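# Descriptive analysis of the structure
Each chain is listed here by its residues.
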Amino acid sequence: MKASRRSMSYEQRREILNQLFFEREERVPYEMQFYSLLSLSTIIAAIGLITDSSAVVIGAMLLSPLMTPILALAASLVMGWPVRAGRVAVRLFLATLFVFVLASLVPLVFRLPTNVVIPDEILRRTNPTMGELLIGLCAGIAAAYILVRKEAVSALPGVAIAVALVPPLCAAGLLAYGKRYILAWEAFFLYATNLVAIILTAGIVLLLAGFKPKVSDLKYNLRVASGMAMATFFVALVAVPLSIRTVGDIRDLYDRQVAISIITDWIGENSVEVASVEVEDEVFQVILKVNLPIEALHENQHMGLK
C-alpha cells in the first residue's frame, strides 16, 4: 500500500501521456492545430509588442501551445525515454525557429522602418535576471501540478501569462529585423531561461508525483538520472550570467540611491530638483530640473537685449 501511494497507476500515467504525445493517426491533426495556434499567437504577440500593448501580448500568451511539447520533454526525461526526448526536442527547436522567423516577417509585411524607437513592451524582455528564472521555475511546478491534478486546471491561464514563452521569442525576431542583434540575443536568452526552468521543475514534480514507474532496472534509472542531471546543468548554465547581472543591478540601485542623497544635499534649498539618475557600469547620468518663475526669464531676456 505504501508503494502504491507513491506511484501512479498505469491508467493515470497513460492518461497524462495521451495529453502530451500524439502518435500515428493523431499526429497530423495535432501538428496542424499546434502550428495554427502558434501562428496566431506569434502574430498577435508581434503586433502587441510593436504597438506597445500589454493586453494584446497577454492574449498571445493565452493562445500559445508551446507548453505541451515542453511538458512532453520533461515527461520523456522522467520516463527515461532518450529517443522520444530527442524527437520532442527537435519538434521544440522547429517551433522555436518558426516563431522567430514568423515574428521577424511581421514588420517586413507592414514595411516598418528598422530605425524606430524600440517600444517598452520589447525592451522589458531584453534584460533577464534571476527573477525571470525563478518565475520559470515556479511556472514549471504549477504546469506539472495542473497536469497531474485536474482540479487545479483553472490556474492554467495564470501559468501561461506568468511564464511568457512566445513574447520574448517574438521580441527576439522583431529586434533581429531591426538589426539590434545584442538585444535580440537578450530576448532569446529570456525565452531559453523560461524553457530550461520549466523542464527542470516540471520533471521534479512529475518524479515526486510518482509518474516514473517503480522498476529496479539500473540502466533505466541511470537514464532518468542522466536526463534530470542534464536539465539541472542547463538551468545552472543560465543561472550564472543571470546571477551576475542581478548582483550588478542591485549594486547599481544602491549606488543610485546614494547618488540621489548626495546630489540632494548638494543642491540644498535651491530651486533645483533631481529629475532622474541612471547608473550603468559605474557611470552616473544625472538630469536636474530647474524651477524658475517666468518673470526671471523675461528679466534675463531684457538684460540680454541691453
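Residues numbered from 1 in each chain as written. Predicted model: local features only at pLDDT ≥ 70, side-chain atom pairs only at ≥ 80, totals over all residues. Heavy atoms only, no water.

## Remarks on the overall build of the protein
Counting its secondary structure elements, the protein contains 13 helices and two strands. Counting over 306 residues, the protein shows a buried share of 42%. Taking the contacts inside the protein whose residues are at least 6 apart along the sequence as the reference set, 74% of them involve residues at least 24 apart. Of the roughly 17700 Å² that the protein leaves accessible, carbon and sulfur atoms contribute 65%. (Helix = DSSP H or I, 4+ residues; strand = E, 2+ residues; numbered from the N terminus. Buried < 20%, exposed > 50% of the residue type's maximum accessible area, 1.4 Å probe, protein only. Contact = heavy atoms within 4.5 Å. Areas by Shrake-Rupley, 256 points an atom, 1.4 Å probe, with all protein chains shown as cover.)

## Quick look at the nonpolar core
One finds L20, L66, L133, I199 and F211 to be the most contacted residues of the largest nonpolar core, which totals 71 residues. By residue number, the principal contributor to this core is helix α11 (residues 181-208), which donates 13 residues. Dropping the residues within four chain positions of it, F211 is found in contact with M8, R13, I16, L17, A75, V78, M79 and L206. (Core = buried A, V, L, I, M, F, W, Y, C linked by side-chain atoms within 4.5 Å.)

## Digging into a nonpolar patch on the surface
Among the surface-exposed residues, I43, I47, V90, F93, L94, L97, V101, L105, L108, V109, F110 and L112 lie close enough to one another that they form a single nonpolar patch of about 1100 Å² accessible area. When contributions to the nonpolar patch are tallied by element, the ones reaching two or more residues are α3 (27-50) and α6 (82-109). Take the nonpolar patch: its biggest share by element is eight residues, from α6. If you trace the backbone, F93 turns up in helix α6. (Patch = residues over 30% accessible without salt bridge, like charges linked within 9 Å, V, L, I, M, F, W, Y side chains within 5 Å. Salt bridge = Lys/Arg side-chain N within 4 Å of Asp/Glu carboxyl O.)

## Looking at the side chain of T201
Looking at where T201 falls in the secondary structure, it is placed in helix α11. T201 sits in the buried class, given a relative accessible area of 8%. Here the side chain of T201 touches A197 through a polar contact of 3.0 Å, landing on its backbone oxygen. The contact partners of T201, leaving out residues within four places of it in the chain, are G136, L137, G140 and I141. (Polar contact = N/O pair within 3.5 Å; in protein donor to acceptor, adjacent residues only side chain to side chain.)

## Re the environment of M67
With respect to the element layout, M67 can be found in helix α5 (residues 67-79). For M67, a relative accessible area of 15% gives the class buried. Between the C-alpha atom of M67 and that of L165, which follows or precedes it by 98 residues, the distance is 8.3 Å.

## A few points about helix α8 (residues 130-148)
Given 3.6 residues to a turn, an α-helix orients residues that are three or four positions apart in the same direction. For α8, with 19 residues, the first-to-last C-alpha span of 28 Å sits near the 27 Å given by 1.5 Å per residue. Burial in α8 covers these residues: L133, G136, L137, A139, G140, A143, A144, I146, L147 and V148. (Expected span 1.5 Å × (residues − 1).)

In short, the description is geometric, and any link to function would need to be established separately.
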